[in-house]
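# Structural overview
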Amino acid sequence: QVQLVESGGGLVQAGGSLRVSCAASGSIFSINAMGWYRQAPGKQRELVAIIHSDDSTNYADSVKGRFTVSRDNAKNTVYLQMDSLKPEDTAVYYCNVRGLLLQGTEYDYWGQGTQVTVSS
């Protein structure tokens, strides 16, 4: 029903920057929220940042001031700009998109994940 394609992960040195993106396509009527989560080895998946349909945003305390979430509504794409990266930001980053399908039903989809590795 909805396909999510993530891109942009990789390896970067501490203090560097990366941008990941997630493009949604399919039977989308509306998107209520687009977010980024991450999961490090041995840890639970956690919210990193989320942007709502009214463009309000929420961030994990650990990334405030360093990460910026944004969206391009025309492209159904969400971005996560990550600056001043730290080794503890190393994780698989997953995008999540929630909204309504053309059929009127709600949806909640996850991307396949993209690895972000920050070396010290």
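Residues numbered from 1 in each chain as written. Predicted model: local features only at pLDDT ≥ 70, side-chain atom pairs only at ≥ 80, totals over all residues. Heavy atoms only, no water.

Let's shift gears to the sheet that holds strand β7 (residues 67-72). A sheet is described by the order of its strands in space; here four strands give the open sequence β1-β3-β8-β7, paired in antiparallel fashion. Every interior strand has two partners, whereas the edge strands, β1 (2-7) and β7, have only one. Across the sheet, the mean angle from the axis of one strand to that of its neighbour is 15°, orientation sign disregarded. One ladder, built from six bridges, connects β1 with strand β3 (residues 18-26); its direction is antiparallel. Paired with Val2 across the strands is Gly26, a residue of β3. (Pairing = 2+ DSSP bridges. Helix = DSSP H or I, 4+ residues; strand = E, 2+ residues; numbered from the N terminus. Axes fitted to C-alpha atoms, helices over the stretch in contact; angles between N-to-C directions.)

Here we take up the pattern of salt bridges. Within this structure, the stated rule accounts for four salt bridges. Asp61 is the partner of Lys64 in a salt bridge, and the nearest nitrogen-oxygen pair spans 3.1 Å. For Asp61, a relative accessible area of 64% translates into the label exposed. Between Arg66 and Asp89 there is a salt bridge, with the nearest N and O atoms lying 2.8 Å from each other. Note that Arg66 is positioned in the loop between β6 (57-59) and β7 and Asp89 in the loop between β8 (77-82) and β9 (91-101), a separation of 23 residues in sequence. Residue Arg66 is classed as buried on the basis of its relative accessible area of 11%. Taken together, the salt bridges that share partners define one network made up of Arg38, Glu46, Arg66 and Asp89. (Salt bridge = Lys/Arg side-chain N within 4 Å of Asp/Glu carboxyl O. Buried < 20%, exposed > 50% of the residue type's maximum accessible area, 1.4 Å probe, protein only.)

Right, let's talk about the state of the cysteines for a bit. A disulfide bridge is the covalent bond that connects two cysteines by way of their sulfur atoms. The final tally for this structure, using the stated rule, is one disulfide. Between the sulfur atoms of Cys22 and its disulfide partner Cys95 the distance amounts to 2.0 Å. Highlighted residues: Cys22 in strand β3 and Cys95 in strand β9, separated in sequence by 73 residues. Residues Cys22 and Cys95 agree in their burial class; the two are buried. (Disulfide = S-S within 2.5 Å.)

Let's shift gears to unusual backbone geometry. Unlike most non-glycine residues, Asp55 shows phi in positive territory, near 70°. Position of Asp55 relative to the elements: it lies in the loop between β5 (46-52) and β6. The partly exposed category is assigned to Asp55, whose relative accessible area is 49%.

The values reported here are purely geometric and, on their own, carry no functional implication.
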